[in-house]
Amino acid sequence: HREGSGAVEDGTVYVYADDFKSRFIKVKISQAVLKETDDEAKETRAKVDEDRKWQLDAVIVRVMKSRKQMEHRMLSSEVFTLLNGRFTPSPEDIKKRIESLIEREYMERSKDSRNVYMYLA
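The structure displayed is predicted, hence computed values, not measured ones. (Residues numbered from 1 in each chain as written. Predicted model: local features only at pLDDT ≥ 70, side-chain atom pairs only at ≥ 80, totals over all residues. Heavy atoms only, no water.)

### Quick notes on the nonpolar core
Part 1: Core analysis: the biggest nonpolar cluster contains 17 residues, and Ile-60, Met-64, Leu-75, Val-79, Ile-98 and Met-107 have the highest contact counts within it.
Part 2: Looking at this core, the element that brings in the most residues is helix α1 (residues 38-67), giving six residues.
Part 3: If we skip the residues at most four places from it in the chain, Val-79 touches Leu-56, Val-59, Ile-60, Pro-89 and Ile-94. (Core = buried A, V, L, I, M, F, W, Y, C linked by side-chain atoms within 4.5 Å. Buried < 20%, exposed > 50% of the residue type's maximum accessible area, 1.4 Å probe, protein only. Helix = DSSP H or I, 4+ residues; strand = E, 2+ residues; numbered from the N terminus. Contact = heavy atoms within 4.5 Å.)

### Points about the sheet that holds strand β1 (residues 69-71)
Part 1: Across the sheet, three strands lie side by side as β1-β3-β2; this open sheet has antiparallel pairing. On the outer flanks of this sheet lie β1 and β2 (107-109), each paired with one strand and no other. On average, adjacent strands in this sheet sit at an angle of 25 degrees to one another, irrespective of strand direction.
Part 2: In this sheet, strand β3 (residues 116-119) lies alongside β2 in antiparallel orientation, the contact comprising three bridges. Within the sheet, the bridge partner assigned to Met-107 lies in β3 and is Tyr-119.
Part 3: Where helix α2 (residues 72-83) meets the sheet, its contacts fall on β1, β2 and β3, and the angle it forms with β1 comes to roughly 95 degrees.
Part 4: Contacting β2 and β3, helix α3 (residues 91-103) runs over the sheet at an angle of about 105 degrees to β2. (Pairing = 2+ DSSP bridges. Axes fitted to C-alpha atoms, helices over the stretch in contact; angles between N-to-C directions.)

Here's what the structure looks like:
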């Protein structure tokens with residue numbers, strides 16, 4: 001690459017200038033931005049997904065605790081609204097988390113309608 005272009009590539013060499021003098025007290029030196037490898041990106045994505053699962057669980061339980069009984073469509077809508085500032089969950093993610101909460105006995109399906117959930121505990 002060209003000298004002084006600012007591009008940082010593999011093999012870029014930096015040399016300390018012993019005779020450099022500045023009339024400023026502080027000199028800003030920008031750091032090279034490291035690119036994330038594919039493995040690191042996958043690991044980061046997995047951690048984010050895991051954190052989002054817990055957030056989804058918490059929001060669903062909070063809504064169900066206050067409402068006691070709720071239809072699937074209304075619950076999904078409420079969850080979307082409450083998580084809007086953080087991230088947008090997919091309908092599949094919400095459904096998976098609801099199923100997980102049913103398995104862990106935080107809630108159950110109504111005996112009258114499969115679209116209605118009831119909070120337990």
